[in-house]
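Reading the structure
Each chain, written out:
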Amino acid sequence: MTGSWHVGRTDAPGQPVPATLVSPNPMSFTVGEGQTRPVRFLFKVAGDATADVGFSVDHCGWISGSIEFEQMGGPQDTSLFASLRGTTVPFVISFASSTVTRVPGSGEKRVEVVTSPVPLQFGGTASDALQSRVVPALEGLPLVLRMTRTPFNSEVEIEPIRLENMEMGTRLGIEAEPVDGAGGSEGYPALQPLVFEGFFDVMRYGPERSDVAFGRGHGGLAPQ
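Being a predicted model, the structure only gives us computed values, none of them experimental. (Residues numbered from 1 in each chain as written. Predicted model: local features only at pLDDT ≥ 70, side-chain atom pairs only at ≥ 80, totals over all residues. Heavy atoms only, no water.)

1. A closer look at the pairing of strand β17 (residues 194-205)
Taken together, the seven bridges between strand β15 (residues 170-176) and β17 define a ladder with antiparallel strand orientation. Bridge pairing in β17 links Ala176 to Gly198. Taken together, the twelve bridges between β17 and strand β18 (residues 210-222) define a ladder with antiparallel strand orientation. What sits directly across from Phe199, in β18, is Arg216. (Pairing = 2+ DSSP bridges. Helix = DSSP H or I, 4+ residues; strand = E, 2+ residues; numbered from the N terminus.)

Have a look at this one:
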């Protein structure tokens, strides 16, 4: 998507609405013969809004950023994710709704966010294996985010994030490092956008072989 653009209100033509594009841009996708796959540019706005005509606009959360994959194997590497070696791939996980539970503890406060089914997108030219093998297996699964904060620590601990389809042997994992985060109501982690760094893994596994790609990445996380 190039050129100038804005999100506007249908009831006030010409009035722009502040919005954030969280999808990779440009956005790559793979479609097989006879398949139909929705391809959406995802926008986030502050308020109630939804559209689904080639674009998707909502006001809920997301995880987005880039994964810098390690130099795995060598020139003769024939693994599924060999093409990712040494590349940087943008990604986004978005959700349109969520259920939030606050869990009190002895000396710590935890928030658990269970999302609606998520779309998963990867960008870049090196992501063919992700588009054809990972996205179809993981797209549409719910995601669980757990964040913990102690009263005397300004950091928020984010438990490892897993998007996994065990039947299809596919997993995307994110282990985020502790981040600075404000306390919200009664000392619980505030449900506000955070900037994080951490380690990522993408895996396809089965009874005969497993393929995995590791990397370090960074991005933003908006839990609600």
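From this point, the narrative continues.
2. Considerations on the packing of aromatic side chains
Following the criterion strictly, the structure yields three aromatic pairs and no others. Ring geometry for Trp5 versus Phe43: centroids 5.1 Å apart, planes at 70°, classification edge-to-face. Taken as a pair, Trp5 in the segment before β1 (7-9) and Phe43 in strand β4 (residues 41-45) lie far apart in primary sequence, 38 residues in all. The cationic tip of Lys109 hangs over the ring face of Tyr188; the distance from NZ or CZ to the ring centre is 4.8 Å. Against the face of Phe199 rests Arg216, its NZ or CZ located 4.8 Å from the ring centre. (Phe/Tyr/Trp six-rings, centres within 6.5 Å; stacked < 30°, edge-to-face > 60°. Lys NZ or Arg CZ within 6 Å of the ring centre and 35° of its normal.)

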